[in-house]
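Close look at the chain arrangement
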Amino acid sequence: MKILKKAQERTEEDRKELSGIVQEIIDNVRANGDDALREYSRKFDQCERTSLRVSKEEIREAYMQLSPQEVADLKAAASNIQAFAQAQRETVKPLENFSPMPGIFLGHRIIPVKSCCCYVPGGNYPLYSTALMLIIPARTAGVERVTACSPVMKGTGKINPKTLAAMDIAGVDEIYAVGGAQAIAAFSYGTEEIAPVDMIVGPGNRFVTEAKRQCYGQVGIDFVAGPSEVLVIADGSGTPGIVAADLLAQSEHDVNAKGMVVTTDEAFGKAVMEAVEKELEVLETADIAKKSWETYGEVVVVSDIEEAVNIVNEYAPEHLELNVKNPDALIPGLCNYGSLFIGENTAEVFGDYASGTNHTLPTLKAARYTGGVWVGTFLKTCTQQSMTPEAMRNIAPLVSRLAEGEGLKGHKQAADIRFSEGKQD
């Protein structure tokens, strides 16, 4: 393996300081409710609102600020996301009356969570696409109460109009103009105006991420996400400029994002690096993308595709692109990635917006143990069982012996009493 461009090692943030700041915010919201939320809105967003909940009139005003084409584009993207979410939902089925032995009937039900909050970031850019990616799967899963929140545009007291329209198109029930760690605390524990939810999903900055970590248990979460990542496997058969564009598409998210190329062709790797520098000269978001690329961009040359696959499975990237002649041959060996983009035609950004798969994905190696947000994120698989008197009598002695072996006498008695009572019947 040869490294043409090495990334800076990520250092562990001073999590002690971050943790303390976030804990203070959570405690304040729990103690002071809406007053604390308004305090933080004034402090961080220069925002004064009478009500945190967005009104129907505000939503109507948002639509009026969009062009017909913008509304049509949101609806087109929503249609693809909805279609795929529905197809996924149909793969998750209940199981009834499975019998491991005569008279025992096992099964499971698929039950949606009752309520959720979809956190839609504001930050550097209005990520209205995230509203579609979170709300539509929740709605398709059958969540009874789907809420959403987003930070306001600083100094306006308003959520970005395109984000509001996207939330409405996706089918949200309630929208709140609040963001940051304080929003996570509010939806976890509740305030006077915001009823708590069962689950919070969606990306955010490090304060949002830490708040999700601290509130987990009180509320369910999707996962703890970090900076965006893309890794491209390339064999030199593709176009360097296209790979460069895909790397910078992720790099422009923030200065901590990561773009990586693993290639079997050293000349191709060098050509990609040259193409990145060329695009940075004209890219409007180069101030962020350049710093990200210079700090965390990486280009690695490997001896063969098998070595590339091994690196991918070790790194477990959020987005994985296969820019190779025969991508289908690689797929069986790949097991750790958030979402897969097969062939040069399939840009990662298509999945970010409109092709239908979800863009809320695991980062920082979390793809080793979880996939991204999907319909199943909002579904619980809950088991059940029943049995006949004969089956009960057959299994009770086995359970009694197992309980006896563990020293759990109450467990043994709960099995024995059924066996003895059953015999008397």
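Residues numbered from 1 in each chain as written. Predicted model: local features only at pLDDT ≥ 70, side-chain atom pairs only at ≥ 80, totals over all residues. Heavy atoms only, no water.

So, on to the nonpolar core. Grouped together as the largest cluster of nonpolar side chains are 46 residues, with contacts concentrated most on Leu132, Ile135, Met167 and Phe378. Of all the elements in the fold, those that place two or more residues in this core are helix H2 (56–64), helix H3 (68–89), strand S4 (115–119), helix H4 (128–141), strand S5 (145–149), helix H5 (161–170) and strand S7 (199–201). Beyond its immediate sequence surroundings of up to four residues, Met167 is in contact with Val120, Ala131, Ile135, Ala148, Cys149, Ser150, Val172 and Ile175. Listed in part, the 28 residues of the second largest apolar core include Ile25, Ile26, Phe187 and Val208. (Core = buried A, V, L, I, M, F, W, Y, C linked by side-chain atoms within 4.5 Å. Buried < 20%, exposed > 50% of the residue type's maximum accessible area, 1.4 Å probe, protein only. Helix = DSSP H or I, 4+ residues; strand = E, 2+ residues; numbered from the N terminus. Contact = heavy atoms within 4.5 Å.)

Mapped onto the present numbering, the UniProt feature "binding site: substrate" (unreviewed entry) falls at Ser228, Gln250, His253, His319, Asp352, Glu406 and His411. A maximum C-alpha distance of 54.8 Å is found for the annotated residues, which run over 184 residues; spatially they are spread out rather than grouped. Relative to the helices and strands, Gln250 resides in helix H8 (residues 240–251). If you trace the backbone, His411 turns up in helix H14 (residues 409–424). (UniProt positions renumbered as here; feature names shortened; annotations may be inferred.)

The UniProt record annotates "binding site: NAD(+)" (unreviewed entry) at Tyr119, Gln182 and Asn205. Of the residues just listed, which span 87 residues, no C-alpha pair is farther apart than 12.4 Å, and they cluster in one region. By secondary structure assignment, the location of Tyr119 is in strand S4. A polar side-chain atom of Tyr119 sits 2.8 Å from the main-chain amide nitrogen of Gly180. Secondary-structure assignment places Asn205 in the loop between S7 and helix H7 (206–215). (Polar contact = N/O pair within 3.5 Å; in protein donor to acceptor, adjacent residues only side chain to side chain.)

Strand order in the open sheet formed by five strands is S6-S5-S4-S7-S8, with parallel pairing between adjacent strands. Each edge of the sheet is formed by a strand with only one pairing partner; in this case those strands are strand S6 (174–176) and strand S8 (220–221). The sheet contact formed by S7 and S8 spans two bridges and is parallel. Bridge pairing in S8 places Met199 opposite Gly220. Across the face of the sheet, helix H6 (residues 180–189) comes into contact with S4, S5, S6 and S7 while running at roughly 175 degrees to S4. (Pairing = 2+ DSSP bridges. Axes fitted to C-alpha atoms, helices over the stretch in contact; angles between N-to-C directions.)

The geometry of an aromatic ring pair comes down to the distance between the two centres and the angle between the two planes. Counting across every chain of the model gives two aromatic pairs. Each ring, one from Tyr40 and one from Phe44, has its centre 5.8 Å from the other, and the planes form 5 degrees; the classification is stacked. Note that Tyr40 and Phe44 are positioned in helix H1 (residues 15–45) at a spacing of four residues, about one turn of the helix. On the basis of relative accessible area, Phe44 is assigned to the partly exposed category, the value being 35%. Relative to Phe187, the ring of Tyr176 lies with its centre 5.6 Å away and its plane at 75 degrees, an arrangement referred to as edge-to-face. Here the residue Tyr176 occupies a position in strand S6, and Phe187 occupies one in helix H6, the gap between them amounting to 11 residues. (Phe/Tyr/Trp six-rings, centres within 6.5 Å; stacked < 30°, edge-to-face > 60°.)

Glancing now at the sheet that holds strand S3 (residues 104–112). Pairing between sheet strands relies on hydrogen bonds along the backbone, with the strands arranged either parallel or antiparallel. With antiparallel pairing, three strands are arranged side by side in an open sheet as S2-S3-S14. Of all the strands in the sheet, just strand S2 (95–98) and strand S14 (379–387) have a single pairing partner and so form its edges. For this sheet, the mean inter-axis angle between neighbouring strands, taken without regard to orientation, is 15 degrees.

So, on to the environment of Val375. Tracing the backbone through its elements, the reader meets Val375 in the loop between helix H12 (348–353) and S14. In this structure Val375 comes out as buried when scored by relative accessible area, which is 0%. Along the sequence, Val375 and Gly238 sit 137 residues apart, while their C-alpha atoms lie 34 Å from each other. Excluding its chain neighbours within four sequence positions, the residues that come into contact with Val375 are Ala85, Gln88, Arg89, Pro137, Thr140 and Ala141.

Taken together, the side chains of Leu398, Val399 and Leu402 define a hydrophobic patch exposed on the protein surface, amounting to about 250 Å² of accessible area. Turning to its location among the elements, Leu398 is positioned in helix H13 (residues 389–406). The exposure class of Leu398 is partly exposed, given its relative accessible area of 39%. (Patch = residues over 30% accessible without salt bridge, like charges linked within 9 Å, V, L, I, M, F, W, Y side chains within 5 Å. Areas by Shrake-Rupley, 256 points an atom, 1.4 Å probe, with all protein chains shown as cover. Salt bridge = Lys/Arg side-chain N within 4 Å of Asp/Glu carboxyl O.)

A few words now on the pairing of strand S11 (residues 298–301). Every second residue of S11 is oriented toward a common face, with Glu298 and Val300 on one face and Val299 and Val301 on the other, all of them buried. Pairing of strand S1 (residues 2–5) with S11, which is carried by three bridges, proceeds in the antiparallel orientation. Counterpart to Ile3 in the pairing with S11 is Val300.

Relative orientation of the contacting elements H4 and H5 amounts to 15 degrees, with a least axis distance of 8 Å. Regarding the angle of H4 to H5, the classification is roughly parallel. Crossing hand, H4 versus H5: right-handed. Every residue of H5 that contacts H4 at Tyr128, Ala131, Leu132, Ile135, Ile136 and Arg139 is listed here: Lys162, Thr163, Ala166, Met167 and Ala170. Residue classes in the contact of H4 with H5 are distributed as eight nonpolar, one polar and two charged. (Parallel < 35°, antiparallel > 145°, perpendicular 65-115°, else oblique. Left-handed = near helix turned anticlockwise from the far one by under 90°. Nonpolar A, V, L, I, M, F, W, Y, C, P; charged D, E, K, R; others polar.)

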